[in-house]
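# Overview (structure and organization)
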Amino acid sequence: MKTSHNNRPVLEAVDLTKRYEDGVLALDHVNFAIPAGELFAMLGGNGAGKTTTVNLFLNLLEPTEGEARVNGVAAHLEPLKAKSQMAFVSENVMLYPNFTAIQNLDFFAKLSGHDEYGTRYYRDVLLRVGLAEESHNKRLKGFSKGMRQKCGIAIAILKNAPAILLDEPTAGLDPKAGHDFIQLLDSLRREGKAILMSTHDIFRAREVADTIAIMDCGRIIMQKRAAELQGQDLVQIYMRYMAGRTESSPIAAPVES
Amino acid sequence: MFRAILEKEIRDLLGSTKFVLTFAVSAVLIIGAFAIGATRHNLNLRQYEASVAENLRQLDGLTDWNQMEQNRVFLPPQPLAALVSGVSNDIGRTITVTGRGELTATDSRYGEDPIYAVFRFLDLKFIFHIVFSLFAILLGFDAVCGEKERGTLRLALANAVPRHTFIAGKLVGSVAALAVSLLIAVGAGCLLLPVMGVSLSGGDWIRLVLIVLTGLLYFGAFLTMSVFVSAVTHRSSSSFMAMLVIWIVGVLIVPRVSVLLAGRAIDVPSVDHMSAQKASYREQLWKESRELMANFQPKANTACAATDFGRFMDSLMDVREARTQIYTARLNEERYNRQQEQQKLAFNIARVSPSTSLTLATSALAGTFLTLKEHFVDEASGYQDAYGQFIKEKTGLNPAAGIKVIKIGESNQEPIDPDELPRFGYRPIPLDQSVASAAGDVGILAIFNLLFFAGGFLAFSRYDVR
């Protein structure tokens, strides 16, 4: 069930620009909008600006220009309000290793303002993300990367925020775990979540995204709806853009002041 | 939200293998320090009682107080001195009281057992000094940068959590968790004292509680410092290295360097130099006395000649003693003032390290600060006056007059009663005086806590979480 409530974007980048203190232009007037119930995949090489974009939404960085908005709230102006409407799953989720899965969920649920949840609900969510019951009360120090990633997405689900940010969520996952993860994202998208996913994984992006953007040198150099890419080889498209980049535009170099 | 972070911090710390191992070692050392202190106190008490009994035993069979060779008083062992030894092992524990003249404490524990001067005793203050600071560093050095390395910081701050709430929860949580666990170990150690037969007065218990609280402030200073350093570094290895250097400099180097610097800045005359000056003055006075003695004319009645001569010698001695006392007091005061100036400078330099404040505050509270020697000598001086008066009453002569008149053939040959000898009632340094003396350093430790707490707060507000 795809629920596009209205056309108002949940996640929106408006001329989003970030120049670091050393002069490196990491993000250059990036624009995109993600409505409810859609998944926006950002593809690109290392240093393309994908993680910078995520960090600007999370207010871990201040934009030099433009805004990262969540439901119309500029993240750098009202960070707490913006963050309350976003869940985040990072690459290689590393939770508290001395805590059990349930204890980790409990802490992050409380951190996101949900004191009302109980163990039964945590178990349900963990089962939903595919974490077997016998692991629920085990310390995370013994968990595989895939199991930790499941805990990470469970934490995002618990927050029950309208937007979800994913930074390289499938990096390092085995094919089965990657597939399960994408299925889960699909179900969250169907629930009406607006999802921003940065990834290197062209195949997964193709499989699940509604819109695919290719980033390079801090700019979006291609942005198309999945339907537009129907029947086209995304790998070829990506390689063609990347090849064009290497000939014409080197990776963001320090700008002289 | 604050509560959730606080609970997480406590649970995370207490559940870590690092905590279990370091706490186990710390607890054993803390309880061990109490056990060793109690054993040593009981031994010191037995030695003290034996020394007092030995001093009285010399009076056995004597029939004249003039026959008493020497009267010695001893520094009674205090239970807290076994826990925070301070200078109690360095200063002399015995003073020979002659009835007049300058008093000197001799027979220090380190003098008797030099091995302890090399390795020192494993006392509670040493444990606080080393173990508390290392415990704090080991459990606090990665408080912020460790969370960044693990990725939990980014995940936590992706929520609507104000940074000040997060760092406050971490700081309060870690201080509470670790302080309570250390208190449990210290509490168990305290319980050992009565079990091992060490009796503490109400005042001693108050002192002990204050010593423990001072230790916790010291621990807090290192813990908040570790959290602060972890909030200005981005790798736990860098934070650990920084704290290790700070620990070496603060705990081991600064106190020693401060003494060297103060020694170079303010010159204090040596004891040898002072002794030479005093001896020279005494020689000069004797020369004057000898001239007067040469002119002594006994009265016609030869039966009283010896008594007359004794009185004459007595009067000469009174004059010599009075002048010596004035001269010695002046020299001592000059040296004392210079020494105080030097000490003050050394302490003030050393106070850049919390370890100095811990040392000064705990020894002041235990009554084993530098003033202990002075206090012991003052107490013995008070006793000397009473003793001198007693001997004069019994013999008719000033004690240590340089002459003894032993009457032979008189009918009274009854043995003297040792119980008549005035007893040395040592009064420890009063509690209020100790507390006043320690207050400044306790305050400094509290300031260290506040400064590093605020520093951690500020550093984290600008911390790059990425």
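Rules behind the numbers
Residues numbered from 1 in each chain as written. Chains lettered and ligands numbered in written order. Predicted model: local features only at pLDDT ≥ 70, side-chain atom pairs only at ≥ 80, totals over all residues. Heavy atoms only, no water. Helix = DSSP H or I, 4+ residues; strand = E, 2+ residues; numbered from the N terminus. Buried < 20%, exposed > 50% of the residue type's maximum accessible area, 1.4 Å probe, protein only. Contact = heavy atoms within 4.5 Å. Areas by Shrake-Rupley, 256 points an atom, 1.4 Å probe, with all protein chains shown as cover. 1 Å grid on protein atoms, 1.4 Å probe; cavity = no way out; pocket = protein on both sides within 12 Å on 5 of 7 lines; lining within 4 Å. Points joined across faces, edges and corners; volume = space filled by probe spheres on them. Expected span 1.5 Å × (residues − 1). Bend = angle between axes of the 7 residues up to and from the residue. Axes fitted to C-alpha atoms, helices over the stretch in contact; angles between N-to-C directions. Parallel < 35°, antiparallel > 145°, perpendicular 65-115°, else oblique. Left-handed = near helix turned anticlockwise from the far one by under 90°. Nonpolar A, V, L, I, M, F, W, Y, C, P; charged D, E, K, R; others polar. Pairing = 2+ DSSP bridges. Domains from an automatic or database assignment. Buried area = accessible area lost by both parts, 1.4 Å probe. Salt bridge = Lys/Arg side-chain N within 4 Å of Asp/Glu carboxyl O. Polar contact = N/O pair within 3.5 Å; in protein donor to acceptor, adjacent residues only side chain to side chain. Lys, Arg positive; Asp, Glu negative; His and termini not counted.

Further remarks concern the overall build of chain A. Broken down by element type, chain A carries eight helices and 10 strands. Along the first, second and third principal axes, the C-alpha atoms of chain A reach 55 × 40 × 40 Å. Within the span of chain A, comprising 257 residues, buried residues form 55% of the whole. The contacts of chain A with a sequence gap of at least 6 include a subset with a gap of at least 24, amounting to 70%. Accessible surface computed for chain A: about 11000 Å², of which carbon and sulfur atoms make up 49%.

Attention now goes to the layout of surface pockets. Residue and element names in this part refer to chain B. A volume near 1600 Å³ is recorded for the largest pocket. If you go around the largest pocket, you meet 45 residues; those closest to its centre are E102, N332, Y336, K373 and E374. Every element with two or more residues in the lining of the largest pocket is listed here: α12 (271-294), α13 (305-350), α15 (371-395) and α16 (431-461). The biggest single contributor to the lining of the largest pocket is α13, with 17 residues.

Residues and elements named next belong to chain B. End to end, α12 covers 34 Å across 24 residues, agreeing with the expected 34 Å (1.5 Å per residue, within 8%). Listed in full, the buried residues belonging to α12 are M274, K278, Y281, L285 and S289. Here the buried face of α12 lies against α13.

Attention now goes to α16(B). Residues and elements named next belong to chain B. Here α16 is 31 residues long and its end C-alpha atoms lie 43 Å apart, about the 45 Å a rise of 1.5 Å per residue gives. Its maximal kink placed at A439, α16 deviates by approximately 40 degrees. Taken together, the buried positions of α16 are occupied by S434, A438, D441, L445, F448, N449, F452, G455, G456, A459 and F460. As for α16, its buried residues are in contact with α8 (152-157), α9 (163-195), α10 (202-230) and α14 (354-366).

Now for the packing of α12(B) against α13(B). All names here are of chain B. Taken N-terminus to C-terminus, the directions of α12 and α13 make an angle of 155 degrees; their axes are 10 Å apart at the nearest point. Classified by the interaxial angle, the pair formed by α12 and α13 is roughly antiparallel. Considering only the axes of α12 and α13, their crossing is right-handed. When α12 is examined against α13, the residues V271, M274, Q277, K278, Y281, R282, L285, W286, E288, S289, L292 and M293 are found in contact with a partner set consisting of F312, M313, L316, R320, R323, T324, Y327, T328, L331, N332 and R335. For the contact of α12 with α13, a count of residues per class yields 12 nonpolar, five polar and six charged.

Moving on to the sheet that holds strand β3 (residues 39-43) of chain A. Strand pairing in a sheet relies on backbone hydrogen bonds. The paired strands run either parallel or antiparallel. All names here are of chain A. An order of β6-β7-β8-β3-β9-β10 is seen for the six strands of this open sheet, with the pairing classed as mixed. Pairing within the sheet leaves two strands with one partner each, and these edge strands are β6 (86-89) and β10 (219-225). On average, each strand axis in the sheet is inclined to that of its neighbour by 15 degrees, with strand direction left out of account. Where β3 and strand β8 (residues 194-199) come together, five bridges link them in parallel fashion. Counted as the bridge partner of L43 is T199 from β8. Its contacts with the sheet place helix α6 (residues 175-190) against β3, β7 (163-167) and β8, and it is angled at close to 150 degrees to β8.

To continue, consider the domain arrangement of chain A. All names here are of chain A. Domains assigned within chain A are domain 1 (20-85 + 162-257) and domain 2 (99-160). A separation of 26 Å is found between the C-alpha centroids of domain 1 and domain 2. Contact residues are listed per partner, giving 15 residues for domain 1 and nine residues for domain 2. The largest contributions to the domain 1 side of the interface with domain 2 come from L173, L184 and L188, which together make up 36% of the buried area. Here domain 1 and domain 2 share one salt bridge between them. E191 is the partner of R128 in a salt bridge, and the nearest nitrogen-oxygen pair spans 2.4 Å. If you look at where domain 1 meets domain 2, you find five residue pairs in polar contact (both at pLDDT 80 or more). Residue contributions to the side of domain 1 that touches domain 2 peak at five residues, all from α6. Residue composition of the side of domain 1 that touches domain 2, by class: nine nonpolar, three polar and three charged.

Residue and element names in this part refer to chain A. Taking strand neighbours across the sheet as the criterion, the four strands line up as β2-β1-β4-β5 in an open arrangement whose pairing is antiparallel. For this open sheet the edge positions go to β2 (25-35) and β5 (73-74), each flanked by a neighbour on one side alone. Note: strand β4 (residues 65-70) against β5, two bridges, orientation antiparallel. Bridged to V70 within β5 is V73. The strands touched by helix α1 (residues 50-57) within the sheet are β1 (9-19), β2 and β4, with β1 carrying the most contacts at an inclination of about 115 degrees.

Turning our eyes to something else, we now look at the interface of chain B and chain A. Often, the extent of an interface is quoted as the loss of accessible area upon association of its parts. The interface of chain B with chain A comprises 25 residues on the first partner and 29 residues on the second. Between chain B and chain A, a total of about 2500 Å² is buried, with carbon and sulfur atoms accounting for 61% of that surface. On the chain B side of the interface with chain A, the three residues burying the most area are B:R154, B:L155 and B:R466, jointly 27% of the side's total. Our count for the chain B to chain A interface comes out at one salt bridge. Here chain B is connected to chain A by eight residue pairs in polar contact (both at pLDDT 80 or more). Within the residue set of the side of chain B that touches chain A, elements represented by two or more residues are α1 (2-14), α7 (145-150) and α8 of chain B.

Residues and elements named next belong to chain A. Here β6 shows two buried faces, one formed by M86 and F88 and the other by A87 and V89. The pairing of β6 with β7 spans four bridges and is parallel. Across the sheet, residue F88 finds its bridge partner in β7, namely L165.

On to the side chain of B:R40. Residue placement: B:R40 occurs in helix α2 (residues 17-57). It is B:D123 that comes nearest to the buried, bridge-free B:R40 among opposite-charge side chains, at 5.3 Å.

This part covers the packing of α9(B) against α16(B). All names here are of chain B. Two numbers describe how α9 lies on α16: the axes approach to 9 Å, and their chain directions differ by 140 degrees. One element, α9, and the other, α16, form an angle in the oblique class. Both α9 and α16 take part in a crossing whose hand is right-handed. On α16, the residues touching R163, H164, F166, I167, A168, L171 and V172 of α9 are F453, G456, F457, F460 and S461. Residue classes in the contact of α9 with α16 are distributed as eight nonpolar, three polar and one charged.

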